[in-house]
Amino acid sequence: MLLLKKLKEKIPLWKEEIKDINLNYGDKVISECTVSQAYGGMRGVKSLVCDTSVVEPDKGLIVREIPIIDLVDKLPEEIFHLLCIGELPNEEELKDLQKELSNRSKVPSYVWNILELMPRDLHPMAMLNTAILVMQKESIFTKRYNEGLSKKDYLEPTLEDSLNLLAKLPSIAAGIYRIKFNRGGIINYDPNLDWGANYAKMLGIGSENFIKLIRLYLVLHCDHESGNVSQNVCNTVSSALSDAYYAVSAGLNGLAGPLHGLANQECLRFIINIKDKFEGVPDDEDLRKFCWDILNSGRVVPGYGHAVLRVTDPRFTAFMNFGKESCPDDDIFKVVEKLYGIVPNILKEMGKAKNPWPNVDAASGALLYHFGLKEFEYYTVLFAVSRSMGMLSQIILNRSFGAPIIRPKSVSTKWIKEFVSKV
Ligand code: CMX
């Protein structure tokens, strides 16, 4: 496998580099933590290292030095290669990776049995995370570890688990859609199609524009450095040498929260409410009042604000560009455009949100809805399939680097009171 060959070339060099940095600069201070930061979700404390991507407050997501907006025409599996290796694949490497994914795509029958038995009112994210967890018994890393695996041999079984899981995720995710929403039988993975097109086809919505949208969706949500809830949880679980099935399932439970990945579902619900209430696209004044009512009732405007970003999310821009080209006259899309003209000013006026600009979730749902994926309860699953590329690439790298178990120190409020009384 060419991906393994490349990783075997790169990882010793990266490990050596990290060793040197630690040896020569290990005692340099890169961040401090104030009392407010300790109580405030560690916002801005630099205490993690992530090489797959960075999120610059004024630029957005940069994957291995390439701004995400420059990657919108790539296939998702090209992005996975980029995340792992730091380079886009050449034609041969891409074909090889696609073959690996196709060969590993068959989902064990017990997963379908379990999914079929689940209550139909279970959230699709709970279905997905359970399906991933029940496949833990397939873990090659855990099997080899139990047989006595040397630390220097972690790469191969971790990569095996990662590819096995990544390959099955579109089939499982699409199957969940078809089971939960009664869409008919499971559609099989087609070895002649790429990973993203397969996902679109297996959902049962195969129009050319929908395939393009799903590829774009999978590219845009691929990774967001490592401090966000889902990645942070995933890396913490993985640092205990729990295998990829445990770690990804855990991380995705965090993605299922409304302040994180679930915001895309909340956002579309919000937009549809607007459209229904005003029986179409409201005028600016009505929309402004509607948003103020939300804020005054103590709720958030979904799709706006971000813990790191301080500009319009370039992933939002990429979706807007797609919408302007493919469905400019759609009412839902028009509401998204209108909100963009209004919400940032309202949030600025409110004066609380540090970032009044839209994030990725503000536009994605409108496009999915337009092209036929109308069950917005499902949208976070799409986010999850994409983000698993970031999770798995970070697991592969961290485990190969021999990253230690994550264990920051906590202090009590009593400790803080005593500490501040002395300063
Ligand atoms: N609407 C209303 N209030 C908002 C807001 C929004 N869109 N964004 C931030 N605020 C408020 C916060 O709730 C907070 O209020 P309190 O002081 O009363 O607690 C205040 O502004 C300061 O928050 P912040 O420092 O600007 O933002 P955080 O880093 O704490 O939170 C985020 C970031 C994304 C959770 C927040 O902006 C939010 O809730 N946005 C709406 C939900 C959303 O779109 N989430 C998706 C994010 C992308 C993702 O992770 O998938």
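Just so it is clear, the model here is predicted, and its values are computed rather than measured.

Student: Is there a simple way to explain the site of the ligand in this structure?
Tutor: Around the ligand, the structure places 22 residues, and the nearest of them are His-260, Gly-303, Tyr-304, Lys-352 and Lys-354. In this structure, an oxygen atom belonging to the ligand sits 3.1 Å away from a side-chain N or O atom of Arg-43. Take Lys-354: an N or O atom from its main chain is 2.7 Å from an oxygen atom of the ligand. Protein burial of the ligand: of its 900 Å² of free accessible surface, 76% is covered by the chains. A class-by-class count of the residues in the shell around the ligand yields 12 nonpolar, 6 polar and 4 charged.

Student: Sorry, what's going on with unusual backbone geometry here?
Tutor: Leaving glycine out, the prevailing phi sign among residues is negative, and the prevailing peptide bond configuration is trans. In this model, Arg-64 sits at a positive phi of 45 degrees, which is unusual for a non-glycine residue. Counting through the fold element by element, Arg-64 comes out in the loop between strand 2 (60-63) and strand 3 (66-67). For Glu-65, which is not a glycine, the phi torsion comes out positive at approximately 80 degrees. Inspection of the secondary structure assignment puts Glu-65 in the loop between strand 2 and strand 3.

Student: Sorry, what's going on with the pairing of strand 2 here?
Tutor: The side chains of a regular strand alternate, first on one face of the sheet and then on the other. In this structure, strand 1 (residues 53-56) lies alongside strand 2, joined through 4 bridges in antiparallel fashion. Bridge pairing in strand 2 links Ser-53 to Val-63. Judged from the 2 bridges that link them, strand 2 and strand 3 form a sheet pairing that is antiparallel. Bridging from a neighbouring strand, Val-63 pairs with Ile-66 of strand 3. Counting the residues that bridge the hairpin from strand 2 to strand 3 gives 2 residues, and of these Arg-64 lies at a positive phi of roughly 45 degrees.

Student: Would you take a moment to explain helix 10 (residues 208-220) for this structure?
Tutor: For an α-helix, the turn length of 3.6 residues means that residues three or four places apart are oriented alike. With 13 residues, helix 10 should cover 18 Å at 1.5 Å per step; its first-to-last C-alpha distance of 18 Å lies within 8% of that length. Taken residue by residue, helix 10 has Phe-210, Ile-211, Leu-213, Ile-214, Leu-216, Tyr-217, Leu-218, Val-219 and Leu-220 as its buried positions.

Reading the values: the criteria
Residues numbered from 1 in each chain as written. Predicted model: local features only at pLDDT ≥ 70, side-chain atom pairs only at ≥ 80, totals over all residues. Heavy atoms only, no water. Near = heavy atom within 4 Å. Polar contact = N/O pair within 3.5 Å; in protein donor to acceptor, adjacent residues only side chain to side chain. Areas by Shrake-Rupley, 256 points an atom, 1.4 Å probe, with all protein chains shown as cover. Nonpolar A, V, L, I, M, F, W, Y, C, P; charged D, E, K, R; others polar. Helix = DSSP H or I, 4+ residues; strand = E, 2+ residues; numbered from the N terminus. Pairing = 2+ DSSP bridges. Expected span 1.5 Å × (residues − 1). Buried < 20%, exposed > 50% of the residue type's maximum accessible area, 1.4 Å probe, protein only.

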